[in-house]
Amino acid sequence: MTEHTKHTTFADIFKLFEHLTSDDARENAGVVLLDAFRLIVEHCLRAQQDDYLGCQKHDRPGDRIDYRNGYKKRAILTPAGKVDINVPQTRKSGFHPIIPTLNDGSRLNNAFRTAVAEMYLKGVSTRKVTEIVQELFPGQTISAATVSKCAQELDGTFDEWRNRKIDPISILYLDATYINIRESCIVRDWAVLIAVGVDSETGRRRIIGVSVSLSEAEEHWSNFFKSLMARGMNRPTLVVSDSHVGIRGTVAKTLIGVPWQRCQFHFQQNAQSYVTGKRLKSFVAGEIRAIFNSGNREAAEKRTAMAVSLFREKK
């Protein structure tokens, strides 16, 4: 089955990031979300302080009403975890900044997650940073210089995650989805290539790489593999994916000798496309699942023969 028919949104992609996030690993997508939230909020809080004092940092006006007095850490709980924010303080304690909160399922939280995923995949832009600021701090104005600096720091945060070292993995899962991206005033489909590794020590799954490409052609998967191996990806003991020719061709040429297994989920999807009767879909899915859950090869082959015989009779 060609996966080009599978479209998704930036929010769906970030849900995948969060689902494959381990609490004790710094190199995960949940940390990227928290770092982006902290970075943007701290820039906006400093901008609020500038407005309150009527001057920028290091300025020395004669009519200032207060003075900067360092920072105080404040913990904010978000759906992705706790994040410590450096809240600017003043000597006279007259400054009371507005600090946003992200509640699970809220419009603000969904908009922020979507924006962060979009910036990670498409690149950081001052327009997108401005939109996030307006979502987090309604009514607050922020200078172009602050937005630009914030965008540069966000770019660095995302770039650090993209190029982090890959710890040893035992199993490599590969998949792709498609998103709509506007390029030169034309909206077209782009493939998002995703690699998930199973940690050799902990057994936890984690995102090890994401790449936006023109398609799932072998050339693009090959370039994606080269970037993963440049970051230290070892030879896994098994590769799992759908049967897309681009993936299989790349695995055969890049990871020579590593066994490949067809993803059970995609196999189920393919099988369901051949089941014409709606009442039979759940029955067929259950039979296939039972074959996969067999205790050994002999039991699986026996269950398969029984299922084939049964389906032929029903036909």
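Residues numbered from 1 in each chain as written. Predicted model: local features only at pLDDT ≥ 70, side-chain atom pairs only at ≥ 80, totals over all residues. Heavy atoms only, no water.

Chemist: For the overall build of the protein, give the residues involved together with the corresponding values.
Modeler: A tally of helices and strands in the protein yields 10 helices and seven strands. Burial statistics for the protein: of 315 residues in total, 43% are counted as buried. The contacts in the protein between residues at least 6 apart in sequence include a share of 59% that link residues at least 24 apart. When the accessible surface of the protein is split by element, carbon and sulfur atoms take 51% of a total near 17,500 Å². (Helix = DSSP H or I, 4+ residues; strand = E, 2+ residues; numbered from the N terminus. Buried < 20%, exposed > 50% of the residue type's maximum accessible area, 1.4 Å probe, protein only. Contact = heavy atoms within 4.5 Å. Areas by Shrake-Rupley, 256 points an atom, 1.4 Å probe, with all protein chains shown as cover.)

Chemist: Describe unusual backbone geometry, and please don't skip the residues or the numbers.
Modeler: A positive phi angle is found at His58, which is not glycine, with a value near 80°. Mapped onto the elements of the fold, His58 is located in the loop between α2 (29-53) and β1 (68-78).

Chemist: How would you summarise the packing of aromatic side chains if you had to cite specific residues and measurements?
Modeler: Aromatic ring pairs are described here by two measures, namely the spacing of the ring centres and the angle between the planes. As enumerated under the stated definition, the model contains three aromatic pairs in all. Ring geometry for Tyr52 versus Phe95: centroids 5.5 Å apart, planes at 35°, classification tilted. Note that Tyr52 is positioned in helix α2 and Phe95 in the loop between β2 (81-90) and α3 (107-122), a separation of 43 residues in sequence. Its relative accessible area of 26% is what places Tyr52 among the partly exposed residues. With centroids separated by 5.8 Å and ring planes inclined at 75°, the aromatic side chains of Phe267 and Phe292 adopt a geometry described as edge-to-face. Here the residue Phe267 occupies a position in helix α8 (residues 264-272), and Phe292 occupies one in helix α9 (residues 278-292), the gap between them amounting to 25 residues. The exposure class assigned to Phe292 is partly exposed, which follows from its relative accessible area of 32%. Over the aromatic face of Trp190 sits the side chain of Arg188, whose NZ or CZ is 5.4 Å from the ring centroid. The residue whose ring lies beneath Arg248 is Trp260, and the NZ or CZ to ring-centre distance is 3.8 Å. (Phe/Tyr/Trp six-rings, centres within 6.5 Å; stacked < 30°, edge-to-face > 60°. Lys NZ or Arg CZ within 6 Å of the ring centre and 35° of its normal.)

Chemist: Describe the packing of helix α4 (residues 126-136) against helix α5 (residues 144-162), and please don't skip the residues or the numbers.
Modeler: At their nearest, the axes of α4 and α5 sit 9 Å apart, and the two run at 105° to each other. Relative to α5, the element α4 is oriented roughly perpendicular. Contacts between α4 and α5 pair Thr126, Val129 and Thr130 from the former with Val147, Ser148, Cys150, Ala151 and Leu154 from the latter. Of the residues belonging to the contact of α4 with α5, the class tally is five nonpolar, three polar and no charged. (Axes fitted to C-alpha atoms, helices over the stretch in contact; angles between N-to-C directions. Parallel < 35°, antiparallel > 145°, perpendicular 65-115°, else oblique. Nonpolar A, V, L, I, M, F, W, Y, C, P; charged D, E, K, R; others polar.)

Chemist: Mind laying out α8, listing which residues take part and the relevant values?
Modeler: For α8, the complete set of buried residues consists of His266, Gln268, Asn270, Ala271 and Gln272. On its buried side, α8 packs onto β3 (169-183), β7 (260-262) and α9.

Chemist: Which residues make up the pattern of salt bridges, and what values do they have?
Modeler: Under the defined criterion, the tally for this structure stands at eight salt bridges. A salt bridge links Arg206 to Asp199, with the nearest nitrogen and oxygen atoms 2.6 Å apart. Asp199 carries the same exposure label as Arg206, and that label is buried. If you follow the salt bridges from partner to partner, you end up with Asp35, Arg38 and Glu42 in one network. (Salt bridge = Lys/Arg side-chain N within 4 Å of Asp/Glu carboxyl O.)

Chemist: Account for the environment of Ile171, with residues named and values stated.
Modeler: The residue Ile171 is located in strand β3 in this model. When its relative accessible area of 21% is taken as the criterion, Ile171 is described as partly exposed. When the C-alpha positions of Ile171 and Gly203 are compared, they lie 9.4 Å apart, and in sequence the two are 32 residues distant. The contacts of Ile171, once residues within four sequence positions are left out, are Val196, Gly197, Val198, Pro236, Thr237, Leu238 and Val240.

Chemist: Got a sec to walk through the state of the cysteines? Specific residues and values, please.
Modeler: Scanning the model with the defined rule gives zero disulfides in all. Summary of cysteine pairing: Cys150 is not part of a disulfide, and the nearest cysteine sulfur, belonging to Cys44, is at 6.8 Å. According to the relative accessible area criterion, Cys150 is buried, its value standing at 2%. (Disulfide = S-S within 2.5 Å.)

Chemist: Account for the environment of Ile179, with residues named and values stated.
Modeler: With respect to the secondary-structure elements, Ile179 resides in strand β3. On the basis of relative accessible area, Ile179 is assigned to the buried category, the value being 1%. Sequence separation between Ile179 and Val192 is 13 residues, and the spatial gap between their C-alpha atoms is 7.2 Å.

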